[in-house]
Amino acid sequence: MDEVATVKAAAGLPHSKMFITEIFKSIQGEGTRAGLPCVFVRLTGCNLRCTWCDTAYAFHGGTKMSVEEVVARVGELAGRHARAVPLVELTGGEPLLQEEIYPLAEQLVADGYTVMIETSGEKFIGRLPPAVVKIVDVKCPDSGEADTFEMKNLAELTREDEVKFVISSRRDYEFAREFTREHGLVEKAKQVLFSPVFDDPAGKWKGLEARNLVDWILQDGLSVRLGLQLHKFVWDPATKGV
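Please read these numbers as outputs of a predicted model, since none were measured by experiment.

### Details of the environment of Gly 62
Okay, so step 1: Looking at where Gly 62 falls in the secondary structure, it is placed in the loop between β2 (37-43) and β3 (63-65).
Okay, so step 2: With 44 residues separating them along the chain, Gly 62 and Met 18 place their C-alpha atoms 8.9 Å apart.

Now the structure itself:
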């Protein structure tokens, strides 16, 4: 057994590697922690093809990295000894497609990070460590991936988790409204997020005016949070790694 393998075995880390598109430090753009400094680990690959996807560059390619290599890079960016950035988000693509996500999440939690994962909702979330904050999408009709939500995930939600609907039309809004009401999401999760689709910089799709979504939410008296992608206001919407 070589030195690297010995270290992995001692740490209980797997020998296999995962495909990583990018690891970077930015601000959290969405959800209840929006605006906070965060280290993002973007895994490669997704089995869905939403019409408005803004991270299609993560569908293929990536760099092979072990759990320990990812953890080390997160530590470099976070300034771990100074505890400067204690927040880490695992995202994609779809992070739950790769088996290494589970030991990675466990290690990051053990190292004292607040760990979040953003997932499409199509994969079962129940295998994740309980301490991981789940940001779970429910795909609306205009996404082209309606009816992909794994209904077993509803029983796995805790009051620390968040459920997100990305909305591009009135039809999407009504779907999200009824799904939220039917399944009591406001009571199940910490927060339900209604996020308007942002205009594609290349003109591939048209976004939804946030003010329209706000009007609908207020008219119906919903206890949901408007979700805006803050990073797209800080940087050019087409910018990667932010």
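### Observations regarding the pattern of salt bridges
Okay, so step 1: Taken as a whole and judged by the stated rule, the model has 16 salt bridges.
Okay, so step 2: The salt bridge partner of Lys 134 is Asp 161, with a shortest N-O separation of 3.6 Å. Separated by 27 residues along the polypeptide, Lys 134 in strand β6 (residues 133-137) and Asp 161 in the loop between β6 and β7 (162-167) bring together distant segments of the chain.
Okay, so step 3: A residue is classified by how much of its surface remains accessible, and Lys 134, at 5% relative accessible area, is buried.

### Quick word on helix α3 (residues 101-110)
Okay, so step 1: Residues of α3 that are buried: Ile 101, Tyr 102, Leu 104, Ala 105 and Leu 108. All buried residues of α3 project into a common sector of 165° when viewed along the axis, lining one side.
Okay, so step 2: Tucked inside the fold, the buried residues of α3 contact β1 (18-27), β2, α2 (67-78), β4 (87-91) and β5 (114-119).
Okay, so step 3: After α3 finishes, the residue Gly 112 shows a positive phi value of roughly 95°.

### Some remarks on α2
Since the α-helix packs 3.6 residues into each turn, any two residues three or four apart lie on the same face.
Okay, so step 1: Relative to the 16 Å expected for 12 residues at 1.5 Å per residue, α2 spans 16 Å between its end C-alpha atoms, a close match to the ideal helical length.
Okay, so step 2: Within α2 the residues assigned to the buried category are Val 67, Val 70, Val 71, Val 74, Gly 75, Leu 77 and Ala 78. The arc that holds the buried residues of α2, viewed along the axis, is 165°, so those residues lie on one side.
Okay, so step 3: Where α2 is buried, its residues contact β1, β2, β3, β4 and α3.

### Re the packing of α2 against α3
Okay, so step 1: Relative to each other, α2 and α3 sit at 40°, their axes nearing to 10 Å. When the interaxial angle is binned, α2 and α3 end up oblique. For the pair α2 and α3, the sense of crossing is right-handed. Counted together, Val 67, Val 70, Val 71 and Val 74 of α2 and Pro 103, Leu 104, Gln 107 and Leu 108 of α3 form the full contact between these two elements.

### Remarks on the nonpolar core
The nonpolar side chains of a soluble globular protein tend to be buried, and buried together.
Okay, so step 1: If you look at the biggest cluster of nonpolar residues, it comprises 50 residues, and the most contacted ones within it are Leu 90, Phe 165 and Phe 194.
Okay, so step 2: Ignoring any residue separated from it by four or fewer positions in sequence, one finds Leu 90 in contact with Val 41, Pro 95, Ile 101, Leu 104, Ala 105, Leu 108, Val 115, Met 116, Ile 117 and Glu 118.
Okay, so step 3: Judged by nonpolar contacts, the second largest core, of nine residues, contains Leu 48, Phe 59, Val 166 and Trp 205.

### Quick notes on the packing of aromatic side chains
Okay, so step 1: Tallied over the entire structure, the rule returns seven aromatic pairs.
Okay, so step 2: Considering the side-chain rings of Tyr 173 and Trp 216, the 5.4 Å spacing of their centres and the 45° angle between planes classify their relative orientation as tilted. Taken together, the residues Tyr 173 in helix α4 (residues 170-182) and Trp 216 in helix α6 (residues 210-220) connect sequence positions 43 residues apart. Considered together, Tyr 173 and Trp 216 belong to a single accessibility category, that of buried residues.
Okay, so step 3: When the centroid spacing of 5.9 Å and the interplanar angle of 40° are considered together, the rings of Phe 175 and Phe 179 count as tilted. With a gap of four residues between them, Phe 175 and Phe 179 both fall in helix α4, about one helical turn apart.
Okay, so step 4: For Phe 175, a relative accessible area of 26% corresponds to the partly exposed category.
Okay, so step 5: Within the aromatic cluster, the residues linked to one another by ring pairs are Phe 149, Phe 165, Tyr 173, Phe 175, Phe 179, Phe 194 and Trp 216.
Okay, so step 6: If you follow Arg 49 out to its NZ or CZ, it ends over the ring of Phe 59, 3.7 Å from the centre.
Okay, so step 7: Above the plane of the ring of Tyr 102 lies Arg 127, whose end atom (NZ or CZ) is 4.0 Å from the centre.

### What to know about unusual backbone geometry
Okay, so step 1: With an omega of 15°, the peptide bond running from Gly 92 to Gly 93 counts as cis.
Okay, so step 2: Phi at Asp 147 takes a positive value of approximately 70°, unusual for a residue other than glycine.
Okay, so step 3: Looking at the element boundaries, Asp 147 is found in the loop between β6 and β7.

### Concerning the sheet that holds β3
Okay, so step 1: As summarised here, the arrangement of the nine strands in space is β3-β1-β2-β4-β5-β6-β7-β8-β9, forming an open sheet in which the pairing is mixed. Either end of the sheet is taken by a strand with one partner, and the two such strands are β3 and β9 (225-226).
Okay, so step 2: The strands touched by α2 within the sheet are β1, β2, β3 and β4, with β1 carrying the most contacts at an inclination of about 10°.
Okay, so step 3: Where α6 meets the sheet, it contacts β7, β8 (191-196) and β9, and its direction lies at approximately 140° from that of β8.

Basis of the calculations
Residues numbered from 1 in each chain as written. Predicted model: local features only at pLDDT ≥ 70, side-chain atom pairs only at ≥ 80, totals over all residues. Heavy atoms only, no water. Helix = DSSP H or I, 4+ residues; strand = E, 2+ residues; numbered from the N terminus. Salt bridge = Lys/Arg side-chain N within 4 Å of Asp/Glu carboxyl O. Buried < 20%, exposed > 50% of the residue type's maximum accessible area, 1.4 Å probe, protein only. Arc of directions from axis to C-beta. Contact = heavy atoms within 4.5 Å. Expected span 1.5 Å × (residues − 1). Axes fitted to C-alpha atoms, helices over the stretch in contact; angles between N-to-C directions. Parallel < 35°, antiparallel > 145°, perpendicular 65-115°, else oblique. Left-handed = near helix turned anticlockwise from the far one by under 90°. Core = buried A, V, L, I, M, F, W, Y, C linked by side-chain atoms within 4.5 Å. Phe/Tyr/Trp six-rings, centres within 6.5 Å; stacked < 30°, edge-to-face > 60°. Lys NZ or Arg CZ within 6 Å of the ring centre and 35° of its normal. Pairing = 2+ DSSP bridges.

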